[in-house]
Each structure stands twice: as C-alpha cells, then as structure tokens.
Amino acid sequence: MKSAVENLSPTRVKLNVEVPFEELKPSIDAAYKTIASQVQVPGFRKGKVPNKLIDQRVGRGYVIETAINEGLNGFYQEAVQEAGIRPLSRPEVEITEVPDPAGTEGQLVFQVEVDVRPEIELPEYAGLEVTVDAAEATDADVEKALDDLRGRFATLKNVDRPAAEGDFITIDLTASVDGEEVDSATGLSYQVGSGTMLEGLDEAVTGLSADEDATFETKLAGGEHAGQDATVKVVLKAVKERELPEANDDFAQLASEFDTIAELREDLAKQAAESKVVEQGIEARDKVLDKLVEMIEVPVPESVVEEQLEQHFRPENAHGPEEHDTEEHRTEVRENTERAFKNEIILDAVADKEEIGVNQAELIDYIVSASSQYGMDPNQFAQLLDQSGQVGMMVGEVRRRKALAKVLEQAKVTDSNGAEVDLSDFVRPGGEAGEEAEAAEAPEAPEAPEAAAAEAPGTAAETVDAEK
C-alpha cells in the first residue's frame, strides 16, 4: 500500500492512498465468505457456495464493493500510522478508483480529508514571571471562618419584625397564569436573599411581617407551566433569624478538638493562611497558563468548534426554559471551546517534552476526586468511565495537570508586595495545598476531539456506487 500526506492547512490534511489488488485480495476473499453465508443456492449448504456461483448470483462488482467497505477502515488506519498524524474529526473519504470487477488487476485508490492536531513549537517556559496577590490572612478572615463555623451550630428563633435579607421565612405561594390558578404550595421555607426560588420573590417578601402578603410578576421555573409569565401571591407566615452560639470555650469543645476558644482561633488562623497560599497557587497557575497561550500560536480546527456548538445547543442539552440560542451565547461557547483546545494542545506538548506519565495511583486519586464532585461512588464512577471509553481522556487530563504543575514549578512567582512566593507545596504531587486546589475545583470529564477520529470512515457503499 502506498500513501502520501498533503497539508491543506495547519490543521487539515489530505491522505492519498493506493491499495494494489494483491493487498485488497484478503478483503475480497473475506467478502466471498460473508456473502456465501448470506445467500442460499439449491444444492449447496450455506457458507459453502462457490465463488463463481456468487459472481453469477450477486455480481463480481458487489463482491468488490463489499471488500472495500469492510477493508477501508483498516487501510485508512494504516495510512494514518504511516503519516504520523493524529486525527481530530471524522474522515471525509472519496474513492477515485476501484479494481476492474471483470479481472484480477487494478487497484483501490481513495483520498481522505481529515482535521488533525496541529504541531506547535514550545518557547522556553522556564522562569516565566507572574505576579499574584499578597497572601495575608487578616483578623477579618479568622472571624469570618469562626462565624461560618458558628453558623453550622446556629438555631432559628421566631422574631416579631419585618423580614430582612438573611432571615429564614415560612411562606405560602399561589401562581396564576392569565388569571387562572395553576400551582400552589404551603409551608415553604426560604432564606431571604438566597435567590433560589423565584425571580422577584426576594423583593416581594422584604419588609413583610407575619400574615402579610404581596404579589409579584415572574416566570415559573418548574412544572408543566415552566417558562410562562405568571402572577404569584406570597403570604408570609413566619420570620425567623439565625442565632449563633457564643464563641467561648464551650463552643470550641463542641465544634472542634480544642479545649479553648483561643486554641480554636489559632487553628483557624493557620487554616486561613494555608487557604491564602492555595489561592495564590491557583492564581499563579492560571496566569502561567495565560502566558503560555499568549506566547504560542495554536490554530483551532473549525470542526472542533462546530461539533461543540452542535452538542451544546442540541434540544436535549438545553438548560431549562431560560436557555436560548443567541449570537452572544454562541460566541461565548466558541471562545471557551477555542481556549480549551489551545490549553490541551499546549499542555500535551509540555507533557511530551517533560516526558510526563501517569501512574495508577495518580489516576485513582483523580477519579476519587472527580467522583466526589458528581456525588458518585468512586467504583461506580470508574465503571462508568470504563464503559463509556473515557478512561484515556481522564489519563490525558491528569497528565495535562501535571504538565501545568511542572511549568508552574519552574516559574518565578512574586506577590504584589514584591516578595517571592514559595509554591513548592502547591505543585508537589500529594502536597496538601495541591490537594486543596483540586478539591476546590469540580473536575470535569474532558471532551476529547480525538474521539471522533476513533470512528471508522464509515461504509464506502455510497461512494462506490457513485463511482460505478
């Protein structure tokens, strides 16, 4: 088999493939066997029909067509290997020549156009300089952490005053569309200002006292009338405020392993300082990646963008009635897709240069972290990944994270006060700061543009028919 690659653009190539009759013959022999198992000829058992009778019954041309359909993907994959390319999209195949059905000579000639991963040249990234905010845990940070902890042990008490932001209220709701009641609910609990129920509710209940009511216009968020304009009447039944426990030694013993509030404050101060370092690490990591993207020109295949746009705006992927296909939204999805693709290409190149691999323990740690974000059992999550063929994508994501950590490790990071920032714990595998940073982000199963390349070119029947 002969193959040659022609570069159409930095992200698209054309493969010209010639398969001589001798190399196509095994596929022809297999086609005869396939057809023999499908046809019935009196006097012959199924699968034992001679080739000559098959030629008489279905035609030699049909046999050649079947051989090409069944063998085309193998020839394509072989050409891809020889060319050393990494396809990103489904290949577009055009068959330009097929062997003469009447003889045993000739060849199969076809062309394939396919989008491929672009080749990039990495600049010298050791010593990249970035500046991050100074990490200074203040007394206010400690007090906030303490208040958050007290909030976990807070109690609610009824108050005789108008509702204000932060209060917990009990309400009854009645929704009407065009003057007709369509839904109602009683005894609902809601925190004023949380914005978790209906648009306009916060404004309507603020200032109401028990047994008072208000009416507001909104769009219904659920049920069979979701998305419709409605008039909602809200009746406030009770106002409650959160009462925090006193910050004393008794609370320290209740909420922690410490005996005194002073010890608890000291530990919260330490945690606040560590949290600031994590924030610095995340900021430095993002800025380092931004610099890499600015330094390197990465062409993005249009097919990658179009595939993501199509997937995002499919009706079954719509995120409720507020989801709508606008030019602004499409621009946002396009920009996010292009940026994600550039990140992937650059970090894969860094991983190749640094000879970064992924061991089983690292993959397991990542899967456990990801499964917790989705609220799934790690074993079930791993099985789901395996069944959907996404384990390789996860390996790639872990490898890219390690590549970015390697670049960050070699970067020069200073804070806004001019002090050098030590991020050794942040970039060290298994480091506490690094673990906190990963926990702070919801890992996503990455979309892999290469997935489409794993698909066969498809049957060539239509193309062969067209040639005939």
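That block above? That's the structure.
The present account deals with the structure reproduced in this document. The structure displayed is predicted, hence computed values, not measured ones.

Reading the values: rules and limits
- Residues numbered from 1 in each chain as written.
- Predicted model: local features only at pLDDT ≥ 70, side-chain atom pairs only at ≥ 80, totals over all residues.
- Heavy atoms only, no water.
- Axes fitted to C-alpha atoms, helices over the stretch in contact; angles between N-to-C directions.
- Helix = DSSP H or I, 4+ residues; strand = E, 2+ residues; numbered from the N terminus.
- Parallel < 35°, antiparallel > 145°, perpendicular 65-115°, else oblique.
- Contact = heavy atoms within 4.5 Å.
- Nonpolar A, V, L, I, M, F, W, Y, C, P; charged D, E, K, R; others polar.
- Salt bridge = Lys/Arg side-chain N within 4 Å of Asp/Glu carboxyl O.
- Buried < 20%, exposed > 50% of the residue type's maximum accessible area, 1.4 Å probe, protein only.
- Expected span 1.5 Å × (residues − 1).
- Polar contact = N/O pair within 3.5 Å; in protein donor to acceptor, adjacent residues only side chain to side chain.
- Phe/Tyr/Trp six-rings, centres within 6.5 Å; stacked < 30°, edge-to-face > 60°.
- Lys NZ or Arg CZ within 6 Å of the ring centre and 35° of its normal.

1. Considerations on the packing of helix 10 (residues 360–373) against helix 12 (residues 391–409)
Link 1 in the chain: At a closest axis distance of 10 Å, the pairing of helix 10 and helix 12 adopts a crossing angle of 100 degrees. Relative to helix 12, the element helix 10 lies roughly perpendicular. Taking contact as the criterion, the partners of Glu362, Leu363, Tyr366 and Ala370 in helix 10 are, on helix 12, Val391, Met394, Val395, Glu397, Val398, Arg401 and Lys402.
Link 2 in the chain: Per-class residue counts for the contact of helix 10 with helix 12 are seven nonpolar, no polar and four charged.

2. What to know about the pattern of salt bridges
Link 1 in the chain: A complete count under the given rule lists 27 salt bridges for this structure.
Link 2 in the chain: In this structure, the salt-bridge partner of Glu344 is Arg117, at a minimum N-O distance of 3.3 Å. Of this pair, Glu344 sits in helix 9 (residues 327–353) while Arg117 sits in the loop between strand 4 (107–115) and strand 5 (129–132), and the two are 227 residues apart along the sequence. The pair formed by Glu344 and Arg117 is uniform in burial state, with each residue classed as buried.
Link 3 in the chain: A salt bridge links Glu397 to Arg401, with the nearest nitrogen and oxygen atoms 3.6 Å apart. Taken together, the residues Glu397 and Arg401, both in helix 12 and four residues apart, mark about one turn of the helix.
Link 4 in the chain: Where salt bridges share partners, they join Arg117, Glu344, Asp348, Glu397, Arg400 and Arg401 into one cluster.

3. Describing helix 10
Link 1 in the chain: Its 14 residues give helix 10 an end-to-end C-alpha distance of 20 Å, which sits within 8% of 20 Å, the value for a rise of 1.5 Å per residue.
Link 2 in the chain: Residues Glu362, Leu363, Tyr366, Ile367, Ser369, Ala370 and Ser371 constitute the buried set of helix 10.
Link 3 in the chain: Put simply, Asn359 is the residue that caps the front of helix 10, since its side-chain oxygen is 3.2 Å from the backbone nitrogen of Ala361.
Link 4 in the chain: Downstream of helix 10 by one or two residues, Gly375 has phi in the positive range, about 70 degrees.

4. Things to note about unusual backbone geometry
Link 1 in the chain: Of note in this structure, Asp211 is not a glycine but carries a positive phi near 75 degrees.
Link 2 in the chain: Within the fold, Asp211 resides in the loop between helix 5 (201–205) and strand 9 (213–219).
Link 3 in the chain: Positive phi is not limited to glycine here, since Glu355 has a value of about 55 degrees.
Link 4 in the chain: One can find Glu355 in the loop between helix 9 and helix 10.

5. Some details on the packing of aromatic side chains
Link 1 in the chain: According to the stated counting rule, one finds two aromatic pairs in the structure shown.
Link 2 in the chain: Judged by centre distance (5.6 Å) and plane angle (25 degrees), the ring pair of Tyr374 and Phe381 falls under stacked.
Link 3 in the chain: Tyr374 gets classed as partly exposed once you look at its relative accessible area, which sits at 42%.
Link 4 in the chain: Positioned over the ring face of Phe313 is Arg330, at 4.5 Å from the centre of the ring.

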